[in-house]
Amino acid sequence: MSRIVYVNGDYVPEEEAKISVFDRGFLMADAVYEVTSVLGGKLIDFPGHVARLARSLGELEMAAPVTDAELLAVHRELVARNGIVDGLVYLQVTRGNPGDRDFAFPDPATTPSGIVLFTQSKPGLADAPAAKTGWKVISIPDVRWGRRDIKTTQLLYPSMGKMMAKKAGVDDAWFTEDGFVTEGTSNNAYIVKGRRIITRALSNDILHGITRAAVLRFAKEAQMEVEERSFTLAEAQAADEAFVTSASAFVMPVVEIDGVALGSGKPGPVAVRLREIYLEESRKAAV
Ligand code: PDD
């Protein structure tokens, strides 16, 4: 079914959407993006996503093509026009089309940023069967660049990681660097020891997950202990439970790492409870 997408100010059927071959997002992955989930026709954690978009743009000296208020309006319009109940909205801002290929950034005065948004319908997104069984993951070396805090479209290595996971017959891969877990291919990683939730502290090494911020806040409000520090793969394999968070997986239990089952080998109580709390609270705050 054809969707209506948003390209540089226009709502058009996806078949008619056009981007220049000289667009720097296409040629250089000179672009940043956000993924916001939609539940019950409403946007989850929207303020966090626009705030992170502004930060990503700022770090790359890229101009914001529209205001935050316009972004909200475009998100809502696309959700309505495409009849999205559960799913997601993808947003990408690129450094635009300077008319030629050149490594140097173009002058923003003459080359405005480009913007594209589209929806993906995912009926029953919050009821993913995988949440009942949990994910199995493998570990792979983190060979990404050093500014993983910026949400750029340089997603080749995460895609390769997903393929390595697929070939290994598991659900995802966790990146490791200097013996420590950084994050998942497209999610933040956590382990649980007793009642304590452990996750890597924020730095340039990982994406500052919007779901992560919300989940840690809810965990603290529920009197759970949270420790933000790096953990090794061995520590993860010896943990009681593990999970990942992202805008599309919400809180997803992890039950196996590199063939080693965690705890009972089933989703752990902390992950299950956090998923419930996150879905309940974020639905309430959805816009
Ligand atoms: N990925 N770490 C990485 C490397 C990610 O790509 C993502 C999100 C996250 C979690 O961030 P958030 O909670 O804000 O979604 C962490 C999105 C979902 C994607 O690329 O589809």
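First, a word on scope: everything that follows refers to the structure included in this document. (Residues numbered from 1 in each chain as written. Predicted model: local features only at pLDDT ≥ 70, side-chain atom pairs only at ≥ 80, totals over all residues. Heavy atoms only, no water.)

Quick look at the packing of helix H2 (residues 46-59) against helix H3 (residues 68-81)
Line of reasoning, step 1. In contact at an axis separation of 11 Å, H2 and H3 are set at 130 degrees when each is read in the N-to-C sense. Between H2 and H3, the angle falls in the class oblique. Seen from above, H2 lies across H3 with right-handed handedness. Of the residues in H3, those touching H2 at Phe 46, Val 50 and Leu 53 are Asp 68, Leu 71, Leu 72 and His 75.
Line of reasoning, step 2. Across the contact of H2 with H3, the residue classes tally to 5 nonpolar, 1 polar and 1 charged. (Axes fitted to C-alpha atoms, helices over the stretch in contact; angles between N-to-C directions. Helix = DSSP H or I, 4+ residues; strand = E, 2+ residues; numbered from the N terminus. Parallel < 35°, antiparallel > 145°, perpendicular 65-115°, else oblique. Left-handed = near helix turned anticlockwise from the far one by under 90°. Contact = heavy atoms within 4.5 Å. Nonpolar A, V, L, I, M, F, W, Y, C, P; charged D, E, K, R; others polar.)

Brief notes about the side chain of Lys 151
Line of reasoning, step 1. By secondary structure assignment, the location of Lys 151 is in the loop between strand E7 (135-141) and helix H5 (156-167).
Line of reasoning, step 2. Here Lys 151 occupies a buried position and makes no salt bridge, while the nearest side chain of opposite charge, Glu 34, is found at 5.5 Å. (Buried < 20%, exposed > 50% of the residue type's maximum accessible area, 1.4 Å probe, protein only. Lys, Arg positive; Asp, Glu negative; His and termini not counted. Salt bridge = Lys/Arg side-chain N within 4 Å of Asp/Glu carboxyl O.)

Let's talk about the packing of aromatic side chains
Line of reasoning, step 1. By the definition in use, this model includes 8 aromatic pairs.
Line of reasoning, step 2. Aromatic side chains Tyr 6 and Tyr 11 sit 5.1 Å apart centroid to centroid with 65 degrees between the ring planes, which places their arrangement in the edge-to-face category.
Line of reasoning, step 3. On the basis of relative accessibility, which here comes to 8%, the residue Tyr 6 falls in the buried class.
Line of reasoning, step 4. Note on Tyr 11: relative accessible area 26%, which makes it partly exposed.
Line of reasoning, step 5. Aromatic pair Tyr 33 and Tyr 90: ring centres 5.6 Å apart, planes at 25 degrees, arrangement stacked. With a gap of 57 residues between them, Tyr 33 in strand E3 (residues 31-39) and Tyr 90 in strand E5 (residues 87-94) connect regions that are remote in the sequence.
Line of reasoning, step 6. Above the plane of the ring of Tyr 11 lies Arg 81, whose end atom (NZ or CZ) is 4.4 Å from the centre.
Line of reasoning, step 7. A cation over a ring is seen here: Arg 217 above Phe 218, with NZ or CZ 5.1 Å from the ring centre. (Phe/Tyr/Trp six-rings, centres within 6.5 Å; stacked < 30°, edge-to-face > 60°. Lys NZ or Arg CZ within 6 Å of the ring centre and 35° of its normal.)

Everything listed here is a matter of geometry and, on its own, says nothing about what the molecule does.
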